[in-house]
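Results of the structural survey
Here is how the chains run, residue by residue.
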Amino acid sequence: MDFQIVEVEDGEQALEACKRSMPEAVLLDWNMPVMDGYEFLGHLRRLPGGDLPKVVFCTTENGIDHISRALHAGANEYIMKPFDKDIIADKFQEVGLIPRPEGTSV
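Structurally, Glu77 can be placed in strand β3 (residues 77-80). A polar contact of 3.0 Å, which involves the side chain of Glu77, links it to the side chain of Lys91.

The structure is reproduced here in structure tokens:
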């Protein structure tokens, strides 16, 4: 999909990476060491420019309470594991990160 990827090991490192250079998109797991995805998202959205990245949770946490909390905290989409490239592409199209193929509608 032609994105430059920065990968980190935990939520704290993710937050530091965002402070250095705010990304266009964040694929976020709920269950991360040091700082979980929900906590990270709250910190991200309070940073200058932190409202700009499209955040897609990719997680095994599939309870309606987790999904609701994530969306309320500022996630743009939510994907249940396991997922593949096509699912990621569909979600990225839904949030406007990549264009829809010609001839398709919303």
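Structure shown, so let's carry the discussion forward.
Turning to helix α3 (residues 64-73), a few remarks are in order. Considered for burial, the residues of α3 that qualify are His66, Ile67 and Ala70. All buried residues of α3 fall inside an arc of 95 degrees around its axis, so they share one side. Exposed residues pointing more than 90 degrees away from the buried face of α3 are listed as Ile64 and His72. Where α3 is buried, its residues meet α2 (37-46), β2 (54-59) and β3. In the segment just after α3, Gly74 is the residue with positive phi, at about 120 degrees.

Here the largest pocket is characterised by a volume of approximately 980 Å³. Lining the largest pocket are 30 residues, with Ile5, Val6, Ala25, Val26 and Leu27 sitting closest to its centre. Listing elements by their share of the lining of the largest pocket, those giving two or more residues are α1 (11-20), β1 (25-28) and α4 (85-94). Residue composition of the lining of the largest pocket, grouped by class: 20 nonpolar, 2 polar and 8 charged.

Let's shift gears to the side chain of His66. The residue His66 is located in helix α3 in this model. Given a relative accessible area of 16%, His66 falls into the buried group. The contact partners of His66, leaving out residues within four places of it in the chain, are Trp30, Glu61 and Tyr78.

A word on the state of the cysteines. Within this structure, the stated rule accounts for 0 disulfides. Considering cysteine sulfurs only, Cys58 is the nearest to Cys18, which forms no disulfide, with 14 Å between them. Classification of Cys18 by relative accessible area gives buried; the value is 6%.

Below, the discussion takes up the packing of α1 against α2. Contact geometry for α1 and α2: axes closest at 9 Å, N-to-C directions at 15 degrees. One element, α1, and the other, α2, form an angle in the roughly parallel class. Pair α1 / α2 crosses with right-handed handedness. Contact residues: Gly11, Ala14, Leu15 and Cys18 in α1; Phe40, His43 and Leu44 in α2. The residue makeup of the contact of α1 with α2, split by class, is 5 nonpolar, 2 polar and no charged.

Right, let's talk about the packing of aromatic side chains for a bit. Summed over the entire model, instances satisfying the criterion amount to 4 aromatic pairs. Across from the ring centre of Tyr38, 4.0 Å away, lies the NZ or CZ of Arg69, which sits over that ring.

Next up on the list: the sheet that holds β3. If you trace the 3 strands from one edge of the open sheet to the other, you get β1-β2-β3, paired in parallel fashion. Of all strands in the sheet, those bounded by a partner on one side alone are β1 and β3. With strand direction ignored, the average angle separating the axes of adjacent strands in the sheet is 20 degrees. As judged from the 4 bridges shared by β1 and β2, these two strands associate in the parallel manner. Within the sheet, the bridge partner assigned to Leu27 lies in β2 and is Val56. The strands that α4 touches are β1, β2 and β3; relative to β3, the one it contacts most, it runs at about 170 degrees.

What counts and what doesn't
Residues numbered from 1 in each chain as written. Predicted model: local features only at pLDDT ≥ 70, side-chain atom pairs only at ≥ 80, totals over all residues. Heavy atoms only, no water. Helix = DSSP H or I, 4+ residues; strand = E, 2+ residues; numbered from the N terminus. Polar contact = N/O pair within 3.5 Å; in protein donor to acceptor, adjacent residues only side chain to side chain. Buried < 20%, exposed > 50% of the residue type's maximum accessible area, 1.4 Å probe, protein only. Arc of directions from axis to C-beta. Contact = heavy atoms within 4.5 Å. 1 Å grid on protein atoms, 1.4 Å probe; cavity = no way out; pocket = protein on both sides within 12 Å on 5 of 7 lines; lining within 4 Å. Points joined across faces, edges and corners; volume = space filled by probe spheres on them. Nonpolar A, V, L, I, M, F, W, Y, C, P; charged D, E, K, R; others polar. Disulfide = S-S within 2.5 Å. Axes fitted to C-alpha atoms, helices over the stretch in contact; angles between N-to-C directions. Parallel < 35°, antiparallel > 145°, perpendicular 65-115°, else oblique. Left-handed = near helix turned anticlockwise from the far one by under 90°. Phe/Tyr/Trp six-rings, centres within 6.5 Å; stacked < 30°, edge-to-face > 60°. Lys NZ or Arg CZ within 6 Å of the ring centre and 35° of its normal. Pairing = 2+ DSSP bridges.

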